[in-house]
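So the chains spell out like this:
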Amino acid sequence: MSEPGSGCKIAGVGVNVPSRVLTNFDLEKMVDTSDEWIVTRTGIRERRIADADETTHGLAIPAAQEALRSAGIEARDLDLIICATATQQRYFPSTACMIGHGLGAGDAPGFDISAACSGFIYGSSIIQQYFRGGMAKNALLVASEIYSRIVNWQDRATCVLFGDAAAAVVFSASDSSEGLIATRIRSNGEYGSFLTGGAITRSGDPVAGALPTMGDGYFIEMKGNQTFKIAVKSMCDVATRILEENGMTVADVDMVIPHQANIRIISAVGKSLGLPEDKVYSNIHRYGNTSAATIPLALYEAVQEGRVKKGDVVLMVAFGGGLTWGASLMRW
Ligand code: ACO
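Residues numbered from 1 in each chain as written. Predicted model: local features only at pLDDT ≥ 70, side-chain atom pairs only at ≥ 80, totals over all residues. Heavy atoms only, no water.

(A) Highlighting the site of the ligand. Not every one of the 27 residues close to the ligand is listed here, only the nearest: Thr33, Arg41, Cys117, Asn225 and Asn262. In the environment of the ligand, a nitrogen atom lies 2.6 Å from a nitrogen or oxygen atom belonging to the side chain of Thr33. In this structure, an oxygen atom belonging to the ligand sits 2.7 Å away from a side-chain N or O atom of Arg41. Against a free-state accessible area of 1000 Å², the protein chains account for coverage of 75% of the ligand. When contributions to the shell around the ligand are tallied by element, the ones reaching two or more residues are α2 (35-42), α6 (156-159), α7 (224-245) and α8 (263-273). (Near = heavy atom within 4 Å. Polar contact = N/O pair within 3.5 Å; in protein donor to acceptor, adjacent residues only side chain to side chain. Areas by Shrake-Rupley, 256 points an atom, 1.4 Å probe, with all protein chains shown as cover. Helix = DSSP H or I, 4+ residues; strand = E, 2+ residues; numbered from the N terminus.)

Below, the structure written as structure tokens:
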């Protein structure tokens, strides 16, 4: 185990996206929409959709295996497994436990966290505390989402936005200057009704014979305009605060990896922070909003493309249902 006070770095990243592609042109045949509307309003051109027999943990395992390979460690070396998901198959076993089993991680502790699209930042924050407390040498954070199961495919205002994906990160102890510098997470349930969905217990009284059925509240519902405004404000606020708290300015940041909900939100955040476009990464056009998975999926691709290099300061910033939001700052 690492000593108390130790830091952690990202030692490996992996991704797994379903092979099935759903384009805007496919959506034109399903709801009253157009490729032009979706691209102009969101930046999304296509998204991936899981097959009927795919599961959240099944999607996650290959991503986790790639992250472990890239970190050069075995699953049995893991001291902690966290899965960030809003689309878990069951309350229990947790998705993390099933991932751990699929990987052969032995008895490493595992649990899921629910912070919707901010799940990766929330997970990073928890993991940072585990390393600081000397309780982990290697930890796995997997974000796995199958939003296609909780999207109402008749609601054009939401069904065009989301996609399915899994992405995983292995954090390993590090006493060098590379790794997580800070995390900052926030929430406010006052605005919870802006963005809801995925009720897995239904209302009703089964004892009295009224068995619950899939009903109101199951599908994603979103107050798009209000969510848009608060998303921009929260992400700018938390990004500014985390930089200030760590004695940095935007000039110190080499790349921002924001949650991929809408290209207009991403551009507004970049503009408001005073960042040039090439310092704000986006791959939303190919995947849509994959909730907790967007940031590690974007990080993976940014590294593959050479847009994030050793020593770079990377700022990750997210926003999601809850409402939840947060940022993490790291040196790659
Ligand atoms: N195709 C065509 N027309 C559409 C579509 C569609 N897919 N969807 C909505 N419209 C129509 C509306 O009905 C409306 O028509 P009207 O003017 O006749 O009433 C018009 O387009 C404009 O609708 P708006 O909702 O005002 O469009 P807006 O430009 O705000 O874009 C959007 C909507 C894309 C949802 C945007 O508000 C948004 O991205 N919001 C934030 C999303 C977000 O950040 N989510 C948080 C993370 S998700 C999570 O945590 C799970």
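(B) Just helix α10 (residues 294-304), in detail. Of all eleven residues in α10, nine are buried, a share of seventy percent or more. Directly beyond the C-terminal end of α10, a positive phi value near 75° is found at Gly306. (Buried < 20%, exposed > 50% of the residue type's maximum accessible area, 1.4 Å probe, protein only.)

(C) Quick peek at the packing of α7 against α8. Where α7 contacts α8, the axes come no closer than 9 Å and their chain directions differ by 40°. By the angle between their axes, α7 is oblique relative to α8. Pair α7 / α8 crosses with right-handed handedness. Contacts between α7 and α8 involve Phe228, Ala231, Val232, Met235, Cys236, Ala239 and Thr240 on the former and, on the latter, Arg264, Ile265, Ala268, Val269, Ser272 and Leu273. Tallied by class, residues from the contact of α7 with α8 come to ten nonpolar, two polar and one charged. (Axes fitted to C-alpha atoms, helices over the stretch in contact; angles between N-to-C directions. Parallel < 35°, antiparallel > 145°, perpendicular 65-115°, else oblique. Left-handed = near helix turned anticlockwise from the far one by under 90°. Contact = heavy atoms within 4.5 Å. Nonpolar A, V, L, I, M, F, W, Y, C, P; charged D, E, K, R; others polar.)

(D) Representation of the side chain of Gln260. Turning to its location among the elements, Gln260 is positioned in the loop between β11 (255-258) and α8. The class for Gln260 is buried, based on a relative accessible area of 0%. At a separation of 3.3 Å, a polar atom in the side chain of Gln260 contacts the main-chain amide nitrogen of Ile284.

(E) Region of interest: the sheet that holds strand β8 (residues 179-187). One open sheet accounts for four strands, arranged β8-β13-β12-β11; its pairing is mixed. Two strands bound the open sheet, and with one partner strand each, they are β8 and β11. Between one strand and the next, the sheet's axes are offset by a mean angle of 15°, whatever the strand orientation. Inspection of the sheet shows β11 paired to strand β12 (residues 313-320) by four bridges, in the parallel sense. Its bridge partner lying in β12, Met255 is registered against Val314. (Pairing = 2+ DSSP bridges.)

(F) Spotlight on the domain arrangement of the protein. Each assigned domain of the protein is listed with its residue range as follows: domain 1 (7-176) and domain 2 (181-192 + 219-331). Its C-alpha centre places domain 1 at a distance of 16 Å from the equivalent point of domain 2. Each partner contributes to the interface: domain 1 provides 45 residues, whereas domain 2 provides 41 residues. Of the roughly 3400 Å² buried between domain 1 and domain 2, counting both surfaces, carbon and sulfur atoms make up 67%. (Domains from an automatic or database assignment. Buried area = accessible area lost by both parts, 1.4 Å probe.)

(G) Structural context of the packing of aromatic side chains. For the structure on display, the rule yields two aromatic pairs. Centroid distance Tyr191 to Phe194: 5.5 Å. Interplanar angle 55°. Geometry classified as tilted. According to the relative accessible area criterion, Tyr191 is partly exposed, its value standing at 29%. The buried category is assigned to Phe194, whose relative accessible area is 14%. (Phe/Tyr/Trp six-rings, centres within 6.5 Å; stacked < 30°, edge-to-face > 60°.)

(H) Layout of the pairing of strand β6 (residues 138-146). Of all the nine residues making up β6, nine are buried; the element is thus mostly covered by neighbouring parts of the structure. Of the two faces of β6, both are covered, the one formed by Asn138, Leu140, Val142, Ser144 and Ile146 as well as the one formed by Ala139, Leu141, Ala143 and Glu145. In this sheet, β6 lies alongside strand β4 (residues 80-84) in parallel orientation, the contact comprising five bridges. Looking across to β6, one finds that Cys83 is bridged to Val142. Both β6 and strand β7 (residues 164-174) contribute to a ladder of nine bridges, which runs antiparallel. Looking at β7, one finds that Ile146 is bridged to Asp164.

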